[in-house]
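Overview (structure and organization)
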Amino acid sequence: PPWLRAATRHPGAAAPSTLDPFALARFPTSGGLDRHLRGARTRYRRRREALLAALERTMPECRVSGIAAGLHVVLDLPPGVRAAAVVRAAEPRDLGLTDIRRYRVSPDAPAPERLVLGYGELADPLVDEGVRLLADTVREVAARAVTGSG
């Protein structure tokens, strides 16, 4: 109704597009959605395979799981390496890592030392470099744990 339109209109705001809803409605029926999904599956499969290969080459001592569960994998850390310490040490290197403890239902529940590595937004050319930086970070944290300085 006009009174609602007037009450919600912001001065200088553009009118909503009428083309966008029509394009969105046509997307599934035109074959566009199928093309998009096929392309996305191919891109993410290629990226996952590159990540797994890089982890195997660079960090063979770390077990990887959760491979089929989405756009992430779970990396088991070597004995004595704390996930929280790796996350902290990775920040200055612009590595966005997540300690698996973030996903615990109970904050007091014990959790293994694991990282969740998301690859959905990782640029393909950066996979090897990212894994190399991750491996360097894990090794540095492990060395500090052995010497007692971290």
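This is a predicted model, so every value here is computed, not measured.

1. Overview of the overall build of the protein chain
Each helix and strand in the protein chain was counted, giving five helices and four strands. Going from N to C terminus, the protein chain has its helices and strands arranged as α-α-α-β-β-α-β-β-α. The dimensions of the protein chain, computed from C-alpha atoms along their principal axes, are 70 × 35 × 30 Å. By the burial criterion, 29% of the 150 residues in the protein chain qualify as buried. Restricting the contact set of the protein chain to residue pairs at least 6 apart, pairs at least 24 apart contribute 61%. With the model as given, the accessible surface of the protein chain reaches about 10200 Å², and the carbon-plus-sulfur share is 58%.

2. Some details on the nonpolar core
Of all hydrophobic cores here, the largest spans 26 residues; its most connected members are Leu 55, Val 86, Leu 97, Leu 115 and Leu 134. Listing elements by their share of this core, those giving two or more residues are helix 3 (32-58), strand 2 (72-76), helix 4 (83-90), strand 4 (114-118) and helix 5 (127-147). The contacts of Leu 115, once residues within four sequence positions are left out, are Val 73, Val 74, Leu 75, Leu 77, Ala 83, Val 86, Val 87, Leu 97, Thr 98, Asp 99 and Leu 134.

3. Things to note about the pattern of salt bridges
With the rule as written, the count across this model stands at 10 salt bridges. A salt bridge links Asp 76 to Arg 63; the shortest N-O distance between them is 3.2 Å. In this pair, Asp 76 sits in strand 2 while Arg 63 sits in the loop between helix 3 and strand 1 (64-65), placing the two residues 13 residues apart along the sequence. Relative accessible area serves as the criterion here: at 15%, Asp 76 is assigned to the buried category. Put simply, Arg 114 and Asp 76 hold a salt bridge, and the shortest N to O gap is 2.8 Å. Taken together, the residues span a long stretch of sequence, with Arg 114 in strand 4 and Asp 76 in strand 2 at a distance of 38 residues. Salt bridges here are not isolated pairs; linked through shared partners, they connect Arg 82, Asp 99, Arg 101 and Glu 113.

4. Digging into helix 4
Turning to helix 4, its buried residues number three or more, namely Ala 83, Ala 85, Val 86, Val 87 and Ala 90. The elements touched by buried residues of helix 4 are strand 3 (98-99), strand 4 and helix 5.

5. Side note on the sheet that holds strand 4
Spatial ordering of the open sheet is given by 1-2-4-3, a layout of four strands whose pairing is antiparallel. One side of each edge strand has no neighbouring strand; the edge strands of this open sheet are strand 1 and strand 3. For strand 3 and strand 4, the ladder comprises two bridges, and the chain directions are antiparallel. Across the sheet, residue Thr 98 finds its bridge partner in strand 4, namely Val 116. Against the sheet, helix 3 touches strand 1, strand 2 and strand 4, its axis set at about 10° to strand 2.

Basis of the calculations
- Residues numbered from 1 in each chain as written.
- Predicted model: local features only at pLDDT ≥ 70, side-chain atom pairs only at ≥ 80, totals over all residues.
- Heavy atoms only, no water.
- Helix = DSSP H or I, 4+ residues; strand = E, 2+ residues; numbered from the N terminus.
- Buried < 20%, exposed > 50% of the residue type's maximum accessible area, 1.4 Å probe, protein only.
- Contact = heavy atoms within 4.5 Å.
- Areas by Shrake-Rupley, 256 points an atom, 1.4 Å probe, with all protein chains shown as cover.
- Core = buried A, V, L, I, M, F, W, Y, C linked by side-chain atoms within 4.5 Å.
- Salt bridge = Lys/Arg side-chain N within 4 Å of Asp/Glu carboxyl O.
- Pairing = 2+ DSSP bridges.
- Axes fitted to C-alpha atoms, helices over the stretch in contact; angles between N-to-C directions.

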